[in-house]
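# Per-entry structural report
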Amino acid sequence: MQPTADLFAADDAARAPAIEALAPGAIVWRGGAASCSADLLADLQQVLGAAPFRHLVTPGGFRMSVAMTNCGALGWVSDTRGYRYDAIDPDSDRAWPAMPPSFVDLAARAAAQAGYPGFRPDACLVNRYEPGARLSLHQDRNERDFRAPIVSVSLGLPAVFLFGGGQRSDPTTRVLLRHGDVAIWGGPSRLRYHGVLALKDGEHAATGRCRINLTFRCAA
Ligand code: MD6
Ligand code: FE
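Everything quoted here is computed from the prediction, not taken from an experiment.

### Points about the coordination of the iron ion (ligand 2)
Within the protein, the iron ion (ligand 2) binds to His-138 (NE2), Asp-140 (OD) and His-194 (NE2); these donor distances fall in the range 2.1 to 2.2 Å. Donor residues for the iron ion (ligand 2), ordered by position in the chain, follow H-x1-D-x53-H. Taken together, the positions of His-138 in strand E9 (residues 135–138) and His-194 in strand E14 (residues 194–196) put the pair 56 residues apart, joining distant regions of the chain. Owing to a relative accessible area of 6%, His-194 belongs among the buried residues under this scheme.

Below, the structure is given as C-alpha cells:
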C-alpha cells in the first residue's frame, strides 16, 4: 500500500497542484483549478442561462468550430466586421452576465502564482470544444493593455495546446491541458502564437463530451 501514490493517482482531479514553466512569463499551474472546478461549472450554468453558447463567424465568413460566450464587463466577439470587445451581447442586446466571484477569485490566485499580483479581469471568454473542434494558431491582441497576463482554465476533456513564438511560422511545442489545469501567460510571452488541436472524442465526469476553457483578460 502506497498512500501518496493512491492519493494522487492517475485521476486528473486528484493530482497535487504543481507549477510547470512554459516560457519566460508563462506557466501551467497543474491542477490549480481542480479543487474549485465543481463551483466553477455550477456558476457557469448561471452564465449560460443569460448568455448561451453560440458559434461566432470569423471576419473571413467561417463559422468557428469552438462555441463561445462571455461574462464580465466586456465580451470578445467576432463577426464579418472583425474581432473586438463589446459590453453588449449581440444575441440578446443586453450586457454580458456578471463574472461570478468564484471565477474572479480563481483568476486572481492563478495570476499571483505566476508572478502577476493584483490581476482584476474585466472579461472572461468561455470556449466549449466538442469532439473535432479546434482553434487555429492566433495571437490574443484585441486587449488594450498587454501588461496584464491572460489566465486560461481547462475543464473536462483534455486538449493539446500548441504554443508557438512571436511569428506564426515559428515552431510550436505541444502541451496537454487536462481538467483543472490553469495556463498563465504574460510578460515576454503575452503575444506568442498559440492554438488548440482538434479535440479527441471522450467522456469526462465533470463536463460530459466536451472541454470547457475559461480565459480571463484585462480588455479595457
Ligand atoms: C483554449 N486558449 O485553451 C484557448 N489564449 O481553449 C487560448 O486561446 C489562450 O489558453 C491566450 C492565453 C491562454 C490561452
Ligand atoms: Fe488565445
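Let's pick the thread back up.
### Some words on the site of ligand 1
The immediate surroundings of ligand 1 are formed by 13 residues, with Tyr-129, Asp-140, Ser-152, His-194 and Arg-211 found nearest. Within the side chain of Tyr-129, an N or O atom sits 2.5 Å from an oxygen atom of ligand 1. Within the contact set of ligand 1, an oxygen atom lies 2.7 Å away from a side-chain nitrogen or oxygen of Ser-152. Considered on its own, ligand 1 offers 340 Å² of accessible surface; in the complex 99% of this is hidden by protein. According to the grid-proximity analysis, the pocket containing ligand 1 is the largest pocket. Listing elements by their share of the shell around ligand 1, those giving two or more residues are strand E8 (123–129), E9, strand E10 (150–156), E14 and strand E15 (211–217). By residue class, the composition of the shell around ligand 1 is 6 nonpolar, 5 polar and 2 charged.

### Some details on the confidence of the model for the protein
Of all residues in the protein, 93% have pLDDT values of 70 or greater, and the mean over the chain is 94. Across residues 1–7 the pLDDT falls below 50, and counting only partners more than four positions away or on other chains, this stretch makes 2 contacts in the model.

### Some details on the layout of surface pockets
Approximately 680 Å³ is the volume attributed to the largest pocket. Along the walls of the largest pocket sit 34 residues, with Met-64, Trp-76, Leu-135, Ser-136 and His-138 positioned nearest its centre.

### Examining the pairing of E10
Along any regular strand, the residues point their side chains to alternate faces of the sheet. Taken across its 7 residues, E10 has 7 buried, putting it largely inside the fold. Both E10 and strand E13 (residues 182–185) contribute to a ladder of 4 bridges, which runs antiparallel. Along E13, the bridge assignment pairs Ile-150 with Trp-185. With 6 bridges connecting them, E10 and E15 associate as antiparallel partners. What sits directly across from Val-153, in E15, is Leu-214.

### Describing the environment of Ala-114
Examined against the element boundaries, Ala-114 turns out to sit in the loop between helix H3 (101–113) and E8. Residues Ala-114 and Ala-205 lie 91 residues apart in sequence; the distance between their C-alpha atoms is 29 Å. For Ala-114, the residues in contact, after removing those within four places along its chain, are Ile-27 and Ile-184.

### Topic: the pattern of salt bridges
Considering all chains together, one arrives at 14 salt bridges under this definition. Here Arg-30 and Glu-20 are joined by a salt bridge, their closest N and O atoms 3.0 Å apart. Remark: Glu-20 occurs in strand E1 (residues 18–23) and Arg-30 occurs in strand E2 (residues 26–30); sequence separation between them is 10 residues. Looking at Arg-30, the relative accessible area reads 10%, which means it is buried. Given the relative accessible area of 36%, Glu-20 is considered partly exposed. For Asp-79, the salt bridge identified is with Arg-81, shortest N-O distance 3.6 Å.

Cut-off values and rules
- Residues numbered from 1 in each chain as written.
- Chains lettered and ligands numbered in written order.
- Predicted model: local features only at pLDDT ≥ 70, side-chain atom pairs only at ≥ 80, totals over all residues.
- Heavy atoms only, no water.
- Donors = N, O, S within 2.8 Å, 3.2 Å for Na, K, Ca; no water.
- Helix = DSSP H or I, 4+ residues; strand = E, 2+ residues; numbered from the N terminus.
- Buried < 20%, exposed > 50% of the residue type's maximum accessible area, 1.4 Å probe, protein only.
- Near = heavy atom within 4 Å.
- Polar contact = N/O pair within 3.5 Å; in protein donor to acceptor, adjacent residues only side chain to side chain.
- Areas by Shrake-Rupley, 256 points an atom, 1.4 Å probe, with all protein chains shown as cover.
- 1 Å grid on protein atoms, 1.4 Å probe; cavity = no way out; pocket = protein on both sides within 12 Å on 5 of 7 lines; lining within 4 Å.
- Sits in = over half its atoms within 2 Å of the grid points.
- Nonpolar A, V, L, I, M, F, W, Y, C, P; charged D, E, K, R; others polar.
- pLDDT = per-residue confidence, 0-100.
- Contact = heavy atoms within 4.5 Å.
- Points joined across faces, edges and corners; volume = space filled by probe spheres on them.
- Pairing = 2+ DSSP bridges.
- Salt bridge = Lys/Arg side-chain N within 4 Å of Asp/Glu carboxyl O.

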